[in-house]
Amino acid sequence: MIGGGSFTIVFIKSMVQILKDHIILTNKKSGSTNKLCYCKACYNKYGEDHPELKTIVDKTERILTHFKNCPNFADVYSQEEKEEIFSLATQKKTVLSKKPSKFFFFLLIFI
Ligand SMILES: [Zn+2]
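In this text the structure is predicted, and so the values were computed from the model without any measurement.

(A) Region of interest: the overall build of the protein chain. Helix and strand content of the protein chain: six helices and three strands. The order of α-helices and β-strands along the protein chain, N terminus first, is α-β-β-α-β-α-α-α-α. The 111 residues of the protein chain split such that 13% are buried. Of the contacts formed within the protein chain by residues at least 6 apart in sequence, a portion of 47% connects residues at least 24 apart.

In structure tokens form, the structure reads like this:
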């Protein structure tokens, strides 16, 4: 069963990697635990310290929500790229819902 498990982990890793390609990580934090990031498309358009540049909590759901509503993101990336990102996100939900909590343990180690 290790083979199947590995495949899933690599797949999730690539999802995280794809998201990371579209955000800019910051040293800022929301509260004491949540890291904050910028949407790369917004960052490139406005530049740092611009009032329109909003920080996003560095969580897949929050980042995807921003991407879905972000006109800059929509401008910069092609329809194909957007579909890839959003379809991966949908698949991730499906995968996670089928896996027991042990899966998260593996995921933490891998990343
Ligand atoms: Zn944005």
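So, next bit.
(B) Looking closely at the environment of Val 16. Relative to the helices and strands, Val 16 is located in helix 1 (residues 2-20). Sequence separation between Val 16 and Leu 88 is 72 residues, and the spatial gap between their C-alpha atoms is 9.8 Å.

(C) Just the nonpolar core, in detail. Among the nonpolar cores identified, the biggest contains 11 residues, and these are Ile 23, Cys 37, Tyr 38, Cys 39, Ala 41, Cys 42, Ile 56, Ile 63, Phe 67, Phe 73 and Ile 85. Mapped onto this core, the elements with two or more residues apiece are strand 2 (34-39), helix 2 (40-46) and helix 3 (60-69). Considering every element that reaches this core, the biggest residue donor is strand 2, with three residues. Ignoring sequence-local partners within four residues, the contact set of Cys 42 consists of Leu 53, Lys 54, Cys 70 and Asn 72.

(D) Broad picture of the pairing of strand 2. Direction of pairing for strand 1 (residues 23-30) relative to strand 2: antiparallel, over a ladder of five bridges. Paired with Leu 25 across the two strands is Cys 37, which belongs to strand 2. From the end of strand 1 to the start of strand 2, which pair antiparallel, there are three residues, and Gly 31 there has a positive phi angle of about 70°. Strand direction decides the pairing type here: strand 2 and strand 3 (residues 55-57), joined by three bridges, are antiparallel. By the bridge assignment, Tyr 38 is partnered in strand 3 with Thr 55.

(E) View of the environment of Leu 88. By secondary structure assignment, the location of Leu 88 is in helix 5 (residues 79-98). Along the sequence, Leu 88 and Ser 14 sit 74 residues apart, while their C-alpha atoms lie 9.2 Å from each other. Residues in contact with Leu 88, not counting those within four places in the same chain, are Met 15 and Ile 18.

Conventions and cut-offs
- Residues numbered from 1 in each chain as written.
- Predicted model: local features only at pLDDT ≥ 70, side-chain atom pairs only at ≥ 80, totals over all residues.
- Helix = DSSP H or I, 4+ residues; strand = E, 2+ residues; numbered from the N terminus.
- Buried ≥ 20, exposed ≤ 12 C-beta atoms within 10 Å, placed from the backbone.
- Contact = placed C-beta atoms within 7 Å.
- Core = buried A, V, L, I, M, F, W, Y, C linked by C-beta atoms within 7 Å.
- Pairing = 2+ DSSP bridges.

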